[in-house]
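So the chains spell out like this:
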Amino acid sequence: MAQYFEPSTDTDANFANSVAGQNNSFFLPSVYSRKVLNFFRKASVIEAITNTDYAGEISAFGDSVKIIKEPVISVSDYTRGSDTTATKLTDQELNLVVDSAKAFKFIVDDIETNMSHVNFKEVASSSAAYALKDSYDAAVLATMFSGCSASSPDHIIGSDSATADATMAHATNSVDLLGSDGTGVDAIDLMARMARLMDDQNVPEEGRWFVAPPSFYEELAQSGSKLLSVDFNAGQGSIRNGLVSSGKLRGFDMYKSNNIAATSNATGKVMAGHMSSTATANTILSTEVIRDPSSFGDIVRGLHVYGAKVLRPEALVSAFYVID
């Protein structure tokens, strides 16, 4: 392709060559392509696995959404002519507080706007929006892991330990996944145990999901059950929001995420749950463009606020695992 500009030798300000991975050779220098190398983007899963019905009810940071918990109705035996037992309905409230905020801000110089072949304002805005989403996913997943029931019922399998057991006992050690040594728990069996724990709590089968980091999916693909001998989604990558398979496995919609917080001792952790387990609400309060008073350019900035609340701890199950 033709070269439109000579490479810049400017090492100051917006054209400095000090940014790791970027030498600013796309602004004033040679134009080799009209495509910009996009970031490798981690898939977002939170909006696919949580209850987002309350998102439209927030308008500012600090807003509180009152959620009425679904009542539990008792069923009793009935014989002809006898009185029936009534269940008194209560309106137990749970508060979802929008208590987290993230912002982005960047400057697009007029020279970049006028002479670049790429709309960097649009590209940078897209990247910033993704960064906000990525941070949101990590924060909500952390809330869900911490909200998982640890007793009555105990829905945490194992612990963050480097010592692993070749069983799924709810013990102080993590679960040893079946690895190269030929011993341990098959990854598919761990999923089956998590499904059974949800069955015990009468969690509906429709709307169940499973989310895990790539290291778990690598083991799952090598599962002795051979159920996943074919690539997820025929090797076509994620379908949407981290969904890695068009079908269900052990009753779960399968999601992959790099936003699960790293463990301290175990190889990683996974979580299964139901859509009703957690409520989330988020919104972009504002995105604006203003002139930069100290340079010739536009400041683009935005503000994202969100909140999350675990409503049904019994509808979440987590597990820690070690890979040999």
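Refer to the structure above for everything that follows.
Summarised in this report is the structure supplied together with it.

Criteria and cut-off values
Numbers given for residues are sequential positions, taken from 1 along each chain in its written order. Local features in this predicted model are restricted to residues of pLDDT 70 or higher, and side-chain atom pairs are both shown and tallied only at a pLDDT of 80 or more, whereas totals for entire chains, interfaces and linings draw on every residue. Side-chain figures throughout are based on the complete set of non-hydrogen atoms in the structure, without hydrogens or water. Here a strand is any run of E in DSSP of at least two residues, a helix any run of H or I of at least four, and the numbering for each starts at the N terminus. Three labels apply to residues, based on accessible area from a 1.4 Å probe with only protein chains included: buried if under 20% of the type maximum, exposed if over 50%, partly exposed otherwise in between. Areas reported here follow the Shrake-Rupley algorithm with a probe of radius 1.4 Å; residue values treat only the protein chains shown as occluding. By nonpolar core we mean a set of buried residues, namely Ala, Val, Leu, Ile, Met, Phe, Trp, Tyr and Cys, connected to one another through side-chain atoms within 4.5 Å. Note on definitions: a residue-residue contact is assigned when non-hydrogen atoms from the two residues lie within 4.5 Å. Take the number of residues in a helix, subtract one, and multiply by 1.5 Å to get its expected span. When DSSP finds two or more bridges between two strands, those strands count as paired.

This part is about the overall build of the chain. When you go through the chain residue by residue, the secondary structure sums to five helices and 13 strands. For the chain, the residues scored as buried account for 38% of the 324 residues in total. Accessible surface for the chain amounts to roughly 17,800 Å². Of this, 50% is attributable to carbon and sulfur atoms.

For the rest of this paragraph, the subject is the environment of Phe-106. For Phe-106, the location among the structural elements is in strand E3 (residues 100–109). Between the C-alpha atoms of Phe-106 and Arg-301, which are 195 residues apart in sequence, the distance is 6.5 Å.

Formed by 29 residues in total, the largest nonpolar core has its most connected members in Phe-210 and Phe-216. Mapped by element, the contributors of at least two residues to this core are strand E6 (174–177), helix H4 (187–200), strand E7 (208–212), helix H5 (214–221), strand E8 (243–249), strand E9 (252–256), strand E10 (268–274) and strand E13 (316–323). If one sorts the elements of this core by residue count, H4 sits on top with eight residues. Look past the residues within four positions of Phe-216 in its chain and what remains in contact with it is Leu-177, Ala-187, Leu-190, Met-191, Phe-210, Val-270 and Tyr-321.

Helix length check: H4 (14 residues) gives 20 Å between terminal C-alpha atoms against 20 Å at 1.5 Å per residue, within 8%. Among all positions of H4, only Ala-187, Ile-188, Leu-190, Met-191, Met-194, Ala-195, Leu-197 and Met-198 are buried.

Of all seven residues in E10, seven are buried; the element is thus mostly enclosed. The two faces of E10 match: Gly-268, Val-270, Ala-272 and His-274 on one face and Lys-269, Met-271 and Gly-273 on the other face are all buried. As paired strands, E7 and E10 are joined by four bridges and run antiparallel to one another. Within E10, the position partnered with Phe-210 by the bridge is Ala-272.

So yeah, pure geometry; function would need other evidence.
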